[in-house]
Each structure stands twice: as C-alpha cells, then as structure tokens.
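Coordinate analysis (summary)
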Amino acid sequence: MSTIERLDVPLATLAADIRLRAGRLAEQAHQLDLCDAAFARLACEHGDRCSTAADYPDWTPGRAA
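Residues numbered from 1 in each chain as written. Predicted model: local features only at pLDDT ≥ 70, side-chain atom pairs only at ≥ 80, totals over all residues. Heavy atoms only, no water.

In this section: the overall build of the protein chain. Looking only at helices and strands, one finds four helices and zero strands in the protein chain. Helices and strands appear in the protein chain in the N-to-C order α-α-α-α. Taking 65 residues into account, the globule formula puts the C-alpha radius of gyration at 11 Å, and the protein chain, at 19 Å, lies well above it. Seen through its C-alpha atoms, the protein chain measures out along the principal axes to roughly 45 × 30 × 25 Å. Within the protein chain, buried positions represent 2% of all 65 residues. Element-wise, carbon and sulfur atoms account for 61% of the exposed surface of the protein chain, whose accessible area totals about 6,300 Å². Here the protein chain contributes 7 positively and 10 negatively charged side chains, and the mean placements of these two sets differ by 7 Å. (Helix = DSSP H or I, 4+ residues; strand = E, 2+ residues; numbered from the N terminus. Rg over C-alpha atoms; globule rule 2.2 N^0.38 Å. Buried < 20%, exposed > 50% of the residue type's maximum accessible area, 1.4 Å probe, protein only. Areas by Shrake-Rupley, 256 points an atom, 1.4 Å probe, with all protein chains shown as cover. Lys, Arg positive; Asp, Glu negative; His and termini not counted. Charge placed at Lys NZ, Arg CZ, Asp CG, Glu CD.)

Have a look at this one:
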C-alpha cells in the first residue's frame, strides 16, 4: 500500500469523526463567506497598495520577531 493510499480516507469516515467537526464547520463558513471573493480581488485590483519585499528589507519570513 502506498503512502497516499494510507492517507486516503472515505468521506463518510471523515464526516463521522467528531474531532474534525469544528474544522469542517469553519471551512464551510469560509467557503460561504460572501465577502471572500471581494477580499481576494483587492490585491489584484490594487497591486499598488500591496507591500513587497522591498518595503521590509530586514524582514525574513519565518524568523522570530
């Protein structure tokens, strides 16, 4: 059995797992958020207002502040 086959879990099994309920509900709420598409378009429509690496020359992603 391959690694991906061991990770492949039937949807019914995932749906029945109460430990995953909060995550599923959060994802559903995110997918149904009517403002999400508008928010996602902001960077595309206003690229001039997005920060770049040049704005933060001393910052390294993942480094502790």
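With that settled, the discussion passes to the side chain of D17. Among the structural elements, D17 can be located in the loop between helix 2 (11–16) and helix 3 (21–31). Of note is the side chain of D17, whose polar atom sits 2.8 Å from the side chain of R19. (Polar contact = N/O pair within 3.5 Å; in protein donor to acceptor, adjacent residues only side chain to side chain.)

We now examine a nonpolar patch on the surface. On the surface, a cluster of nonpolar side chains totalling about 340 Å² of accessible area is made up of V9, L11, L14 and L20. Within the secondary structure, L20 sits in the loop between helix 2 and helix 3. By relative accessible area, L20 is classed as partly exposed at 36%. (Patch = residues over 30% accessible without salt bridge, like charges linked within 9 Å, V, L, I, M, F, W, Y side chains within 5 Å. Salt bridge = Lys/Arg side-chain N within 4 Å of Asp/Glu carboxyl O.)

With that settled, consider the pattern of salt bridges. Tallied over the entire structure, the rule returns two salt bridges. Among the ionic pairs, D17 bridges to R19, the shortest N-O distance being 2.8 Å. With relative accessibility at 19%, the residue D17 sits in the buried group. The partner of R41 in a salt bridge is E45, and the shortest N-O contact between them spans 3.4 Å. Residue R41 and its partner E45 are located together in helix 4 (residues 36–45), separated by four residues, close to a single helical turn.

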